[in-house]
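Chain by chain, the residues:
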Amino acid sequence: MQIAVDELTSERHRRLYAAVARDQKHGVRLVNGNSNNEGRLEVLHNGTWGSVCDDSFTNIDVKVVCRQLGYTNGAALARAPFGQGMGTVWMDDVACNGTETRIQDCWHNGWGVHDCSHSEDVGIRCSDYSEALQQEITALKVSSL
Ligand SMILES: [Ca+2]
Ligand SMILES: [Ca+2]
């Protein structure tokens, strides 16, 4: 994502830029929530963001996502509580064993292989904002000044 230098003059844009940079780095993002710690789960694969199906999405899978984003725990919300995504459903029948550092590394049907509709896009609400995440956001804000 390209942002012109003059757009970085406001704090709002700095925050947005930091959030975008963080999303790109982690390859996961939470879309359309009321706060940063919740939203429709989207993963980045082959340069394209796509959603994740709620089928058999467990607390173990949530934990991997939330840790990936810098939180310690969270809850999964089925049936697109944060709205339906557009484009690809990237992952279905996700089954993490809990030791993965990225949701992308968890077992699933295969990229784009699914029997879901966007009405099944999984939502995530992470909890326990970690000190590490706070430091990372601060660092990203400083580096984007
Ligand atoms: Ca389902
Ligand atoms: Ca399925």
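Before any of the text, the structure's been laid out above.
Residues numbered from 1 in each chain as written. Chains lettered and ligands numbered in written order. Predicted model: local features only at pLDDT ≥ 70, side-chain atom pairs only at ≥ 80, totals over all residues.

Colleague: Help me understand the overall build of the protein in this model?
Modeller: Secondary structure assignment for the protein yields three helices and six strands. Start at the N end of the protein and walk to the C end: the helices and strands fall as α-β-β-β-α-β-β-β-α. Each of the 145 residues in the protein was classed as buried or not, and the buried ones make up 30%. Counted over contacts in the protein with a minimum sequence separation of 6, partners at least 24 positions apart contribute 71%. (Helix = DSSP H or I, 4+ residues; strand = E, 2+ residues; numbered from the N terminus. Buried ≥ 20, exposed ≤ 12 C-beta atoms within 10 Å, placed from the backbone. Contact = placed C-beta atoms within 7 Å.)

Colleague: In this structure, what is going on with the nonpolar core? I would like to understand it.
Modeller: As a rule of thumb, nonpolar side chains are buried together in soluble globular proteins. With 24 residues, the main nonpolar core has Leu41, Val52, Val65, Cys66, Ile103, Val122 and Ile124 as its most contacted residues. Counting residues per element, this core draws most heavily on helix H2 (residues 59–68), at four residues. (Core = buried A, V, L, I, M, F, W, Y, C linked by C-beta atoms within 7 Å.)

Colleague: Got a minute to help me understand unusual backbone geometry in this structure?
Modeller: In terms of backbone geometry, most residues other than glycine have negative phi values and most peptide bonds are trans. Phi at Ser56 is positive, roughly 50 degrees, even though this residue is not glycine. Structurally, Ser56 can be placed in the loop between strand S3 (48–52) and H2. Ser56 sits in the exposed class, given 11 other C-beta atoms within 10 Å. Here the phi dihedral of Asp93 falls at roughly 55 degrees; this positive angle occurs in a residue that is not glycine. Looking at the element boundaries, Asp93 is found in the loop between strand S5 (89–91) and strand S6 (123–129). When the 16 C-beta atoms within 10 Å are taken as the criterion, Asp93 is described as partly exposed.

Colleague: I'm lost on helix H1 (residues 11–26) in this one. Help?
Modeller: Three- or four-residue spacings in an α-helix give side chains the same orientation, since the helix completes a turn every 3.6 residues. Along its 16 residues, H1 runs 22 Å from first to last C-alpha, staying within 8% of the 22 Å computed at 1.5 Å per residue. Among the residues trailing H1, Gly27 stands out with phi positive, at a value near 75 degrees. (Expected span 1.5 Å × (residues − 1).)

Remember that the coordinates give geometry; whether it matters functionally is a separate question.
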